[in-house]
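Letter by letter, the chains look like this.
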Protein chains: 2
Amino acid sequence: MTDPKKPRLLRALAGETLERPPIWLMRQAGRSLPEYRALRSRAKDFIAFCHNPEMAAEATLQPMRRFPLDAAIVFADILLIPGALGQKVWFEVGEGPRLGELPDIARMAGEVEASTGRLSAIGETLERVRAELEPERALIGFAGAPWTVATYMIEGRGSDRSGARTYAYENPEKLDALLAVLVDATARYLVMQAKSGAQALKLFESWAEGLAEDVFERVVVGPHKAIVEKVRAAGVTTPFIGFPRGAGALVENYARSVPVEGVALDTQASAELGRRIQGQGKTIQGALDNLLLRAGGPAMDARVDGLLAQWGGGPYIFNLGHGVMPDTPVEHIARLVERVTGKPVRAVA
Amino acid sequence: MTDPKKPRLLRALAGETLERPPIWLMRQAGRSLPEYRALRSRAKDFIAFCHNPEMAAEATLQPMRRFPLDAAIVFADILLIPGALGQKVWFEVGEGPRLGELPDIARMAGEVEASTGRLSAIGETLERVRAELEPERALIGFAGAPWTVATYMIEGRGSDRSGARTYAYENPEKLDALLAVLVDATARYLVMQAKSGAQALKLFESWAEGLAEDVFERVVVGPHKAIVEKVRAAGVTTPFIGFPRGAGALVENYARSVPVEGVALDTQASAELGRRIQGQGKTIQGALDNLLLRAGGPAMDARVDGLLAQWGGGPYIFNLGHGVMPDTPVEHIARLVERVTGKPVRAVA
């Protein structure tokens with residue numbers, strides 16, 4: 001049995017089955033909170049906001065003040081790495097990210113070492129948060145996974161990824177070179193985050209969906225494995241949570257091959273799939289429908305109880321299957337956190 | 001052993017493992033063929049085209065003349081049923097389907113019997129095709145599955161389905177009533193297709209993705225099961241192929257509970273998942289990436305060989321994981337069909 005004073009999230013990631021699972025929510029910080037919207041309005045743009053440790057630390061801590069969540073996740077974005085490698089990244093209001101032309105890949109390879117230094121603000125955010133957060137609550141660092149980041153870098157925006165999938169077929173050597181650059185930059189970035197106070201590291205593969213098995217092995221499994229191995233080779237033992245969102249049954253391939261401690265499941269994960277992953281010795285995380293959180297009510301309560309019943313018998317972290325929707329009522333989040341933790345929650349801060 | 005003169009597709013659906021699997025391609029008829037574009041330009045709109053038996057039969061047969069495919073699929077659309085139930089449906093050029101306001105559900109329930117008669121042109125298309133098609137080539141009828149059709153009826157267009165998923169949470173009784181109307185109309189429509197010459201029936205659940213397991217059971221598994229049972233109760237024994245596209249690991253739930261003979265798999269199906277479904281006594285179909293067909297070349301050949309090797313040891317129908325893309329070179333389709341059938345194909349008709 002591990003130390004009961006150890007943060008609940010880390011006990012779960014160490015393989016412990018807890019009497020009640022830890023809970024945190026993807027996008028728990030952000031647009032669903034009025035205090036975030038007030039804070040965000042003071043920054044000139046979203047990328048500048050992410051690179052401002054004072055503001056980003058405040059955004060990270062806002063949901064922690066409001067709800068008895070078991071973990072904070074550093075406020076940042078999956079597209080900070082392309083920016084640090086020299087590709088222009090900006091956000092069009094109401095539309096999402098836009099990226100400039102894909103830089104020469106060999107030139108980006110020469111920028112990998114310097115890129116981590118250009119992300120030092122995120123390390124400072126982590127230090128600030130860790131200094132304020134209670135010791136029993138864990139702090140999570142993260143990065144976008146290489147394939148997902150590459151889809152944005154190739155297509156220049158959010159998309160259905162068919163351009164990136166076609167690129168993978170038509171320019172296999174270029175894609176592999178780009179993924180290698182991203183693996184290296186991401187591993188260094190995560191080592192820096194661990195050294196700055198992150199106690200768990202999450203790899204967001206937001207666009208694992210629709211990939212054929214051989215492509216999935218090549219662009220998802222291989223790069224994730226390489227990142228974890230590089231971080232371990234740097235002497236960092238911080239546990240990993242991998243999130244191959246939309247991978248369907250390929251999540252089993254992922255859990256089998258990638259040496260992460262936790263596997264985050266998306267909304268459509270079946271009870272059986274989750275139990276199989278637990279059976280592979282992994283902690284699972286997930287997978288309440290974010291639209292059901294937004295809808296709230298007794299249907300949500302019933303599903304929460306169902307998830308706790310189906311997966312709570314093994315190492316499990318309660319979470320959504322996707323991020324909190326911006327128009328989610330704060331009362332619904334309060335109701336969810338109260339139901340999972342058993343702690344009364346003031347809906348209004 | 002079944003009759004070797006029986007169409008190869010039907011032998012596979014009867015559970016036979018063939019020395020080489022039958023092949024047909026989703027959207028084998030349509031925009032990738034120049035002769036289709038010429039034909040289509042003569043019709044005033046897409047819905048009128050689908051309701052014109054002469055034109056629809058010609059579109060169905062065009063790929064059969066060009067390639068030695070083992071099955072034809074009737075040229076029609078998954079949104080013909082809402083039209084037959086009284087909801088306005090039209091296609092915006094370059095944008096896709098648009099639907100008028102969702103009619104009162106009780107009123108649509110009163111239109112179910114009449115709706116099949118309003119779709120009689122599709123029966124006539126099937127009769128025309130069956131009369132021209134060689135006996136060793138099978139003819140497939142199809143319908144959009146209730147949940148997928150309901151997402152269009154609720155949202156008024158193609159979408160990310162979040163509106164329909166929210167509707168499922170917030171208006172569960174209305175959704176269930178709408179699905180019941182669609183189950184009834186779809187079962188009648190498929191009975192009519194079988195009586196008009198369809199030798200296999202495919203249910204296209206194009207939008208099974210992103211559903212939580214309990215929702216999937218309710219809006220996909222339940223309605224599919226009800227349709228197959230209603231068709232069987234009408235004395236029709238025509239085999240079914242179910243296609244819960246994007247269902248991920250939930251395909252196993254589907255195969256376990258829905259009494260279809262064949263389960264079509266999408267692009268991301270793993271080798272292991274396919275073999276598990278075969279192990280459940282089902283014939284599987286799929287799942288070459290349609291973007292790899294468009295890209296063509298040796299990478300496509302290698303993947304085709306891989307699919308044949310991984311699934312050809314059980315009952316298997318070769319197909320794509322999604323429809324042929326409109327800009328797919330005809331030469332790539334020829335190369336694929338030649339590789340699977342071993343029959344030389346003239347690339348140009």
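Residues numbered from 1 in each chain as written. Chains lettered and ligands numbered in written order. Predicted model: local features only at pLDDT ≥ 70, side-chain atom pairs only at ≥ 80, totals over all residues.

K.L.:
Before we move on, can you summarise the sheet that holds strand β1 (residues 71-73) of chain B with the specific residues and values?
P.N.:
Residues and elements named next belong to chain B. Taken in spatial order, the seven strands of this open sheet run β1-β4-β5-β6-β7-β8-β9, and their pairing is parallel. Because the sheet does not close on itself, it has two edges, and the strands there are β1 and β9 (316-320). The sheet shows a mean angle of 25 degrees between the axes of neighbouring strands, taken without regard to direction. (Pairing = 2+ DSSP bridges. Helix = DSSP H or I, 4+ residues; strand = E, 2+ residues; numbered from the N terminus. Axes fitted to C-alpha atoms, helices over the stretch in contact; angles between N-to-C directions.)

K.L.:
Please give an account of the packing of helix α4 (residues 53-66) of chain B against helix α8 (residues 120-132) of chain B that cites residues and values.
P.N.:
Between two packed helices, the angle of one axis relative to the other and the distance separating the axes together describe the packing. All names here are of chain B. Across the interface, α4 lies against α8 with an axial gap of 8 Å and an inter-helix angle of 45 degrees. Accordingly, the angle class assigned to the pair α4 and α8 is oblique. For the element pair α4 and α8, the recorded crossing hand is right-handed. Contacts from P53, A56, A57, T60 and L61 of α4 reach α8 at A121, E124, T125, R128, V129 and E132. Looking at side-chain class alone, the contact of α4 with α8 contains six nonpolar, two polar and three charged residues. (Parallel < 35°, antiparallel > 145°, perpendicular 65-115°, else oblique. Left-handed = near helix turned anticlockwise from the far one by under 90°. Contact = placed C-beta atoms within 7 Å. Nonpolar A, V, L, I, M, F, W, Y, C, P; charged D, E, K, R; others polar.)

K.L.:
I'd like to hear about the pairing of strand β5 (residues 200-205) of chain A, residue by residue, with values.
P.N.:
Where a strand is regular, its side chains alternate between the two sheet faces. Residues and elements named next belong to chain A. Burial analysis of β5 places six of its six residues in the buried class, which makes it a mostly covered element. On β5, burial covers both faces: A200, K202 and F204 on one face and L201, L203 and E205 on the other are all buried. Of the strand pairs in this sheet, strand β4 (residues 138-144) and β5 are connected by five bridges, and their pairing is parallel. Residue G144 lies in a different strand from β5, and its bridge partner there is F204. Alignment of β5 against strand β6 (residues 240-244), held across five bridges, turns out to be parallel. Paired with E205 across the bridge in β6 is P244. Where the polypeptide runs from β5 across helix α12 (residues 213-233) and back to β6, its parallel neighbour, the crossover connection is right-handed. (Buried ≥ 20, exposed ≤ 12 C-beta atoms within 10 Å, placed from the backbone. Right-handed = clockwise from strand over helix to strand, strands pointing away.)

K.L.:
Tell me about the interface of chain B and chain A, and please be specific about residues and values.
P.N.:
On the chain A side, the residues contacting the 29 residues of chain B number 29 residues. Counting only elements with at least two residues in the side of chain B that touches chain A, the list comes to α10 (162-170), α12 (213-233), α14 (271-279), α15 (290-295) and α16 (297-311) of chain B. Examining the composition of the side of chain B that touches chain A, we find that five residues originate from one element, α10 of chain B, more than from any other. Residues that form the side of chain B that touches chain A fall into these classes: 13 nonpolar, nine polar and seven charged.

K.L.:
Outline helix α17 (residues 330-341) of chain B, listing residues and values.
P.N.:
All names here are of chain B. Along its twelve residues, α17 runs 16 Å from first to last C-alpha, staying within 8% of the 16 Å computed at 1.5 Å per residue. Listing the buried residues of α17 in full gives I333, L336, V337 and V340. The buried residues of α17 occupy an angular sector of 95 degrees when the element is viewed end-on, so they sit on one face. Summarising the contacts, the buried residues of α17 are in contact with α15, α16 and β9. (Expected span 1.5 Å × (residues − 1). Arc of directions from axis to C-beta.)

K.L.:
Before we move on, can you summarise the sheet that holds strand β1 (residues 71-73) of chain A with the specific residues and values?
P.N.:
Two strands in a sheet stick together by hydrogen bonds in their backbones, pointing the same way (parallel) or opposite ways (antiparallel). All names here are of chain A. Strands sit in the order β1-β4-β5-β6-β7-β8-β9 across an open sheet of seven strands; the sheet is parallel. Strands at the two margins of the open sheet, each flanked by one partner only, are β1 and β9 (316-320). Strand-to-strand, the axes of this sheet are offset by a mean angle of 25 degrees, without reference to chain direction.

K.L.:
With reference to specific residues and values, describe the environment of G158 of chain A.
P.N.:
Residue and element names in this part refer to chain A. Tracing the chain through its elements places G158 in the loop between α9 (146-155) and α10 (162-170). What makes G158 partly exposed here is the crowd of 14 C-beta atoms within 10 Å. Placed ten residues apart in sequence, G158 and T148 show a C-alpha to C-alpha distance of 9.8 Å. For G158, the residues in contact, after removing those within four places along its chain, are G96, P97 and Y152.

K.L.:
Quick rundown of the relation of the copies chain B and chain A? Include the residues and the values.
P.N.:
Structural alignment of chain B on chain A gives an RMSD of 0.0 Å, achieved by rotating through 180 degrees and translating 0.0 Å along the axis. This pairing of chains is accounted for by a two-fold axis. The C-alpha atom lying nearest the rotation axis in chain B is that of G248 of chain B; the distance is 1.8 Å. A shared interface surface links the copies, since 100% of the contact residues of chain B are contact residues in chain A too. (Least-squares fit on C-alpha atoms with pLDDT ≥ 70 in both.)

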